[in-house]
Amino acid sequence: MIKKEFLLTFKGLNSRTSLWLMRQAGRYLPEYRELRVKAKNFMDFCFNPELAAEATLQPIRRFGFDAAIIFSDILVIPYAFGQSVDFIEGVGPKLSSLPLVDILNSDRLIFENNKLLNVFKAIKIVKDQLPKEVSLIGFSGCPWTLACYMVDQGSSKDFFKTRLLAVTRPDLFQKLINILADAVFLYLKHQIEAGAEAVQLFDSWVGLLPPDGVWKWSISPVSSIISKLKNYYPSIPIIVFPKGNYQTYADNYHIHKADAISADTTVDFSKVKIASERPYVIQGNLDPFDLLGATSALKNKVDNTLKTMQGKKFIFNLGHGILPETPIDNVYRLVEQVKAT
Ligand code: 1CP
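What you see is a predicted model, and the numbers here were worked out from it, not measured in a lab.

Visitor: Tell me about helix α11 (residues 211-232), and name the residues and values.
Guide: Since there are 3.6 residues in each turn of an α-helix, residues three or four apart along the chain are aligned in direction. Between its first and last C-alpha, α11 extends 30 Å over 22 residues, near the 32 Å set by a 1.5 Å rise per residue. Maximal helix bending in α11 amounts to about 30 degrees, located at Ile-219; proline Pro-221 follows within four positions. Every buried residue belonging to α11 is among Gly-213, Val-214, Trp-217, Ser-218, Ile-219, Pro-221, Val-222, Ser-223, Ile-225, Ile-226, Leu-229 and Lys-230, and all of these are buried.

Structure follows, in structure tokens:
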């Protein structure tokens, strides 16, 4: 019988620790770098179903992770709202200016799900080719993190423009968050319909918010997305990655009801709740930098994590995306070590 260890973990029926790595497809793989040059820019690469499917499958073929994550980016949602998105080498994403305030005032911020059809196509291609024991994860950014990129028009160290809008025009900002929550729900629903067997919600910038902001702009919209998805697909696991704010999500799991919380690198696993005291799975949280260090130190650290989390509703992952400098041999070692438990 073929066993999907990743999905079985959510039912407490896994026979070993399952693993996948955030950004497991990417520049640390020579085959990714070779594939990447076939598209003229990163967005074209994401929106080419064959190339996106191939990028998704590459790390599975090489390492045999328990889950694949569809190759795309969270910034396809701003694109589907009409913003142009350019990834500039060495700088990061740049988004065109949207007169957001005017648009929100006139109810003209429209999500065109049709612009994302190639993501769903890529999911279908991957599903046809994925080994049966491997699960496919769909994903989206959360409303707050998407708003950060849309308002600030790209990466930023403090997302000043977004936080300024949130405090100076809270009603307008709430409208933006609500519109984004509807879009994220729809986008994930379509990914599940195309074949995604679990979904992950990335709230990469929730660590910037004060407690009341975390409630208003993160937990509240994320909870509504989860409850709407659960109405349609009660058995599809939903993972949240509240980077920089694990504890608020852990303390309020009965509100958002995510099936798993992905822990960033700051979370100390020796202090997390034991399995019988929590219904959710914990995913995480090796520091991506540990994959760049000495192999003996890496082995000890992974051993410690596996011991601490043994039998405790746990999926092994990184605390953030894998770094392009990661030696491939360390990834092989990691997979072997985790799969042996
Ligand atoms: O060619 C390249 O290597 C470009 C690097 C790259 C990759 C591989 C980017 C640019 N995006 C991706 C793919 C990607 N992004 C995936 C799918 C692949 C996989 O996981 O294997 C996923 C899930 C994401 C998610 C994503 N994109 C997030 C959330 C997670 C996180 O890192 O916090 C965010 C914030 C983005 C935006 C983004 N995409 C890429 C860059 C350089 C950025 C900006 C990051 C920043 O603001 O610092």
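Now that the structure is up, let's keep going.
Visitor: Lay out the packing of aromatic side chains in plain terms, naming residues and giving numbers.
Guide: Any aromatic ring pair is given by two values, namely how distant the centres are and how the planes are angled relative to each other. Applying the stated criterion across every chain, the model contains 23 aromatic pairs. Taken together, a centroid distance of 5.9 Å and an interplanar angle of 70 degrees make the contact between Trp-144 and Phe-173 edge-to-face. Here Phe-173 lies in helix α10 (residues 170-194) and Trp-144 lies in helix α8 (residues 143-152), a separation of 29 residues in the sequence. When the centroid spacing of 5.8 Å and the interplanar angle of 40 degrees are considered together, the rings of Phe-185 and Tyr-232 count as tilted. Here Phe-185, found in helix α10, pairs with Tyr-232, found in helix α11; they are 47 residues apart in sequence, far enough to count as distant. Here the aromatic residues Tyr-32, Phe-42, Phe-45, Phe-71 and Phe-87 are joined through ring pairs into a cluster of three or more. Cation over ring: Arg-36 sits above Phe-45, and NZ or CZ is 5.7 Å from the ring centre.

Visitor: Could you give an account of a nonpolar patch on the surface, with specific residues and numbers?
Guide: A cluster of nonpolar side chains, namely Phe-160, Leu-164 and Val-167, defines an oily patch on the protein surface of about 320 Å² accessible area. Relative to the elements of secondary structure, Phe-160 occurs in helix α9 (residues 160-168).

Visitor: Residue-level account of the environment of Ile-239, with values.
Guide: Relative to the helices and strands, Ile-239 resides in strand β7 (residues 238-242). C-alpha separation for the pair Ile-239 and Met-22, spaced 217 residues apart in sequence, amounts to 12 Å. Setting aside chain neighbours within four positions, we find Ile-239 in contact with Phe-6, Phe-10, Val-199, Gln-200, Leu-201, Ala-260, Ser-262 and Gln-283.

Visitor: Run through the site of the ligand, naming residues and quoting values.
Guide: Close to the ligand lie 20 residues, the nearest being Tyr-32, Asp-73, Tyr-149, Ser-155 and Ser-204. In the environment of the ligand, an oxygen atom lies 2.9 Å from a nitrogen or oxygen atom belonging to the backbone of Arg-23. For the ligand, an oxygen atom lies 3.0 Å from a polar atom in the side chain of His-320. When the free accessible area of the ligand is taken as 890 Å², the share hidden by the protein chains comes to 85%.

Visitor: Summarise the sheet that holds strand β8 (residues 260-262); cite the residues concerned and give the values.
Guide: Taking strand neighbours across the sheet as the criterion, the eight strands line up as β1-β10-β9-β8-β7-β6-β5-β2 in an open arrangement whose pairing is parallel. For this open sheet the edge positions go to β1 (18-19) and β2 (67-69), each flanked by a neighbour on one side alone. As judged from the two bridges shared by β7 and β8, these two strands associate in the parallel manner. By the bridge assignment, Val-240 is partnered in β8 with Ile-261.

Visitor: Can you explain the pattern of salt bridges? Please cite residues and give values.
Guide: Evaluated as defined, the whole model comprises twelve salt bridges. With a shortest N-O distance of 2.6 Å, Asp-259 and Lys-230 are connected by a salt bridge. In this pair, Asp-259 sits in the loop between α13 (253-256) and β8 while Lys-230 sits in helix α11, placing the two residues 29 residues apart along the sequence. Linking Asp-268 and Lys-271 is a salt bridge whose minimum nitrogen-to-oxygen distance equals 3.1 Å.

Visitor: Please provide a residue-by-residue account of the side chain of Gln-83, values included.
Guide: Mapping Gln-83 onto the fold places it in the loop between α5 (76-80) and β3 (85-88). Of the residues examined, Gln-83 reaches a relative accessible area of 1% and is grouped as buried. Separated by 3.0 Å, the side chain of Gln-83 and the backbone oxygen of Ser-96 make a polar contact. In this structure Gln-83 touches Pro-78, Leu-95, Ser-96, Leu-98, Met-150 and Gln-153, once residues within four positions along its chain are discounted.

Visitor: Lay out the pairing of strand β6 (residues 198-203) in plain terms, naming residues and giving numbers.
Guide: With six of six residues buried, β6 lies mostly within the body of the structure. Side-chain alternation along β6 places Ala-198, Gln-200 and Phe-202 on one buried face and Val-199, Leu-201 and Asp-203 on a second face that is also buried. Relative to β6, strand β5 (residues 135-141) runs parallel, the two sharing five bridges. By the bridge assignment for β6, Ile-137 is matched with Ala-198.

Visitor: Account for the pairing of β3, naming residues and giving values.
Guide: As judged from the four bridges shared by β3 and strand β4 (residues 92-95), these two strands associate in the antiparallel manner. Within the sheet, the bridge partner assigned to Phe-87 lies in β4 and is Pro-93. With antiparallel pairing between neighbouring strands as the criterion, β3 and β4 make up a hairpin whose turn holds three residues, including Gly-90 at a positive phi of roughly 80 degrees.

Visitor: So what about helix α4 (residues 49-63)? Which residues, and what values?
Guide: Taking 1.5 Å of rise per residue, 15 residues should cover 21 Å, and α4 covers 22 Å from first to last C-alpha, within 8% of that figure. Of all the bends in α4, the greatest reaches close to 25 degrees and is centred on Leu-57; the proline Pro-59 follows between one and four positions later. Where burial is concerned, most of α4 is hidden: eleven out of the 15 residues are buried. When α4 is considered as a whole, its buried residues turn out to be Pro-49, Leu-51, Ala-52, Ala-53, Ala-55, Thr-56, Leu-57, Gln-58, Pro-59, Ile-60 and Phe-63. On its buried face, α4 sits against α2 (30-36), α3 (42-46), β2, α7 (117-129), β5 and α15 (328-339). A side-chain oxygen of the first residue of α4 lies 3.1 Å from the backbone nitrogen of Glu-50; this N-cap is Asn-48. One or two positions beyond α4, positive phi appears at Gly-64, with a value near 70 degrees.

Rules used throughout
- Residues numbered from 1 in each chain as written.
- Predicted model: local features only at pLDDT ≥ 70, side-chain atom pairs only at ≥ 80, totals over all residues.
- Heavy atoms only, no water.
- Helix = DSSP H or I, 4+ residues; strand = E, 2+ residues; numbered from the N terminus.
- Expected span 1.5 Å × (residues − 1).
- Bend = angle between axes of the 7 residues up to and from the residue.
- Buried < 20%, exposed > 50% of the residue type's maximum accessible area, 1.4 Å probe, protein only.
- Phe/Tyr/Trp six-rings, centres within 6.5 Å; stacked < 30°, edge-to-face > 60°.
- Lys NZ or Arg CZ within 6 Å of the ring centre and 35° of its normal.
- Patch = residues over 30% accessible without salt bridge, like charges linked within 9 Å, V, L, I, M, F, W, Y side chains within 5 Å.
- Areas by Shrake-Rupley, 256 points an atom, 1.4 Å probe, with all protein chains shown as cover.
- Salt bridge = Lys/Arg side-chain N within 4 Å of Asp/Glu carboxyl O.
- Contact = heavy atoms within 4.5 Å.
- Near = heavy atom within 4 Å.
- Polar contact = N/O pair within 3.5 Å; in protein donor to acceptor, adjacent residues only side chain to side chain.
- Pairing = 2+ DSSP bridges.

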